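Structural characterization, general
The chain contents come next:
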Amino acid sequence: MAAIGFTAAAPIAGFSSVAYAAETVRAEIGKPLQEAQKLAAAGKNKEALAKLKETDAVGGKTANETYLIERTRASAAVAAGDNDAAAKAFETVINSGKLSPAESSKFSEALAGIYYRAKDYNKAVTWFQRVLKDNPSNTSAHEYIVQILYTSGKYAEAAKELQATKNLSENQLGMLANIQLKQNDKVGYVQTLEKMAASYPKAQTWADLLQRVQTKPGFSSALSLDLLRLRLQLGLLTKPNEYMEMSQLALQVGNPAEAIKIIDQGYKKGALGTGSDAARHQRLKDLATKTQAEFGAKLPAAQAEAEKAKDADALANLGYALVSDGKADKGLPLLEQAVKLGTGKNPEAIKLHQGLAQNIAGKKAAALTTLKSVKGTDGTADLARYWTMNINRPL
């Protein structure tokens, strides 16, 4: 995180010799004060600080004289890099009661920045909190507080601050995820990953998230193809065996059209068709092509049998296969029948497939509605939620 962008000019805008003239100060104060100002204006800030020491020797200063001296000292000390002198001067100016609310906020933020750069984090937090009290919408101040807590190893406090914040930035979500990893908060970590994938989708975030859900207790191995479908959509399939496994699973559920698309993409990406297993890849491709050719001939009998037996799983598989083959007008009604029957081995998985098929068919609104209705603790609800995230904000 970058340091606060504070310069000497920023908190003393409009402060000049004209301003002094409007105030009543004694000659023994006014003369060295104006000389100090001229030195600071000429970039001779250390000399200006030395000149201000002449005013320190004058007793019985009025509140106004003290304010003018310390305001000048604040500017010169910051420019000279004298953090201790600057901090003391800023605190005096802020507590003088002579600053407007807008100026007070700027001076407080600058003072917090001085303490932050000096690594006096306790005081920095105190002043950043004061900035937030005056201006709750100051996101920069809040980010510094969290950064300080995190750097100081106060992970629980940093996490609490982040979790109480709406609309976290990508950096803030990343920090929260790191904290949760350090605290071994697996549930919280996955929740944060989901927020990152939903708002700031990146391949690494998605890869980590899908790895986590796959190893989540209770995740059904029957959803392996569905997990691979999402990984393929996200461009996360890279290895030959991943393309081989996914295409074989598609063939096993009677979806040769999907298998062909997977294999073709594997060839296009250079993952298939090369190396010592090139012949094996070709045999799988030939099998998928042959199975697809047979699919159309067998379809009428297979559909009639599934409808007669009211076999929800068979109807769902046929419906998804037809949608994968570009025949949504025939496939979606079969999926709808399967959902209405509700007698499949995993009715929630059938609803998941209906939502995915609707998305393939270009029916985004219907797909999102269907996916939102998916429940289950075996991973179906997780995958439905992740597909929703991806549809709304693709990688």
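Residues numbered from 1 in each chain as written. Predicted model: local features only at pLDDT ≥ 70, side-chain atom pairs only at ≥ 80, totals over all residues. Heavy atoms only, no water.

With that out of the way, let us pick up the overall build of the protein. Across its full length, the protein holds 21 helices and 0 strands. Relative to a compact globule of 395 residues, whose C-alpha radius of gyration would be 21 Å, the protein shows 34 Å and is clearly more extended. Dimensions along the principal axes, computed over C-alpha positions, put the protein at roughly 110 × 45 × 35 Å. In the protein, which comprises 395 residues, the proportion classed as buried is 45%. Of the contacts formed within the protein by residues at least 6 apart in sequence, a portion of 54% connects residues at least 24 apart. Surface exposure of the protein reaches about 20,100 Å², of which carbon and sulfur atoms provide 51%. For the protein, the distance from the average position of its 51 positive side-chain charges to the average position of its 40 negative side-chain charges is 1 Å. (Helix = DSSP H or I, 4+ residues; strand = E, 2+ residues; numbered from the N terminus. Rg over C-alpha atoms; globule rule 2.2 N^0.38 Å. Buried < 20%, exposed > 50% of the residue type's maximum accessible area, 1.4 Å probe, protein only. Contact = heavy atoms within 4.5 Å. Areas by Shrake-Rupley, 256 points an atom, 1.4 Å probe, with all protein chains shown as cover. Lys, Arg positive; Asp, Glu negative; His and termini not counted. Charge placed at Lys NZ, Arg CZ, Asp CG, Glu CD.)

By secondary structure assignment, the location of Arg229 is in helix H13 (residues 224–233). Sequence-distant contacts of Arg229, defined by excluding residues within four places in its chain, comprise Met246, Asn255, Glu258, Tyr320, His353, Leu356 and Trp387.

Bringing the packing of helix H12 (residues 203–214) against H13 into the picture now. H13 packs onto H12 with a crossing angle of 175° between their chain directions and a minimal axis gap of 11 Å. When the axis of H12 is compared with that of H13, the two are roughly antiparallel. Contact residues: Trp206, Leu210, Val213 and Gln214 in H12; Leu227, Leu230 and Arg231 in H13. Residue composition of the contact of H12 with H13, by class: 5 nonpolar, 1 polar and 1 charged. (Axes fitted to C-alpha atoms, helices over the stretch in contact; angles between N-to-C directions. Parallel < 35°, antiparallel > 145°, perpendicular 65-115°, else oblique. Nonpolar A, V, L, I, M, F, W, Y, C, P; charged D, E, K, R; others polar.)

To continue, consider the side chain of Lys351. Within the element layout of this structure, Lys351 appears in helix H19 (residues 347–360). The class for Lys351 is buried, based on a relative accessible area of 18%. Setting aside residues no more than four positions away along its own chain, Lys351 makes contact with Val339, Thr370, Ser373 and Val374.

Counting residues in hydrophobic clusters, the biggest one holds 93 residues, and the most contacted among them are Phe90, Phe128, Trp206, Leu210, Leu352 and Tyr386. For this core, the element with the most residues is helix H17 (residues 312–324), which contributes 8 residues. (Core = buried A, V, L, I, M, F, W, Y, C linked by side-chain atoms within 4.5 Å.)

This next bit is on the domain arrangement of the protein. Splitting the protein by domain gives domain 1 (27–199) and domain 2 (208–392). Put simply, the middle of domain 1 and the middle of domain 2, counted by C-alpha atoms, are 56 Å apart. Surface buried jointly by domain 1 and domain 2 totals about 610 Å² across both partners, of which 64% is contributed by carbon and sulfur atoms. Across the contact surface, domain 1 and domain 2 share 1 salt bridge. Glu194 is paired through a salt bridge with Arg385; the nearest N and O atoms lie 2.9 Å apart. Run the count over domain 1 and domain 2 and you get 3 residue pairs in polar contact (both at pLDDT 80 or more). Broken down by element, the side of domain 1 that touches domain 2 gets its largest block of residues, 6 residues, from helix H11 (residues 186–199). Here the residues of the side of domain 1 that touches domain 2 are counted per class, giving 6 nonpolar, no polar and 1 charged. (Domains from an automatic or database assignment. Buried area = accessible area lost by both parts, 1.4 Å probe. Salt bridge = Lys/Arg side-chain N within 4 Å of Asp/Glu carboxyl O. Polar contact = N/O pair within 3.5 Å; in protein donor to acceptor, adjacent residues only side chain to side chain.)

What follows deals with helix H18 (residues 328–341). The terminal C-alpha atoms of H18 lie 20 Å apart, and with 14 residues this matches the ideal 20 Å at 1.5 Å per residue to within 8%. For H18, every residue scored as buried is listed here: Ala328, Gly331, Leu332, Leu334, Leu335 and Ala338. Mapping the buried residues of H18 onto a view down its axis gives an arc of 160°, with all of them on the same face. For H18, the exposed residues lying more than 90 degrees away from the buried face are Asp329, Lys330 and Lys340. The secondary structure elements touched by the buried residues of H18 are helix H16 (278–309), H17 and H19. Positive phi shows up at Gly342, right after H18, with a value of about 65°. (Expected span 1.5 Å × (residues − 1). Arc of directions from axis to C-beta.)

All right, on to the UniProt feature "repeat: TPR" (unreviewed entry) in the protein then. The UniProt record marks residues 105–138 with the feature "repeat: TPR" (unreviewed entry), using the residue numbering of this structure. Counting secondary structure, residues 105–138 comes out at 79% helix and 0% strand; the distance between its end C-alpha atoms is 10 Å. (UniProt positions renumbered as here; feature names shortened; annotations may be inferred.)

Glancing now at the confidence of the model for the protein. Here the protein shows a mean pLDDT of 90. Residues at 70 or above account for 94%. The low-confidence segment residues 1–22, where pLDDT is below 50, has 39 contacts with residues more than four positions distant or belonging to other chains. (pLDDT = per-residue confidence, 0-100.)

In this structure, Asn167 takes a positive phi of about 55° despite not being glycine. Relative to the helices and strands, Asn167 is located in the loop between helix H9 (155–163) and helix H10 (170–182). The exposure class assigned to Asn167 is exposed, which follows from its relative accessible area of 78%. Residues other than glycine seldom take positive phi values, yet Asn184 does so here, at roughly 60°. Mapped onto the secondary structure, Asn184 falls in the loop between H10 and H11. With a relative accessible area of 56%, Asn184 lands in the exposed category.

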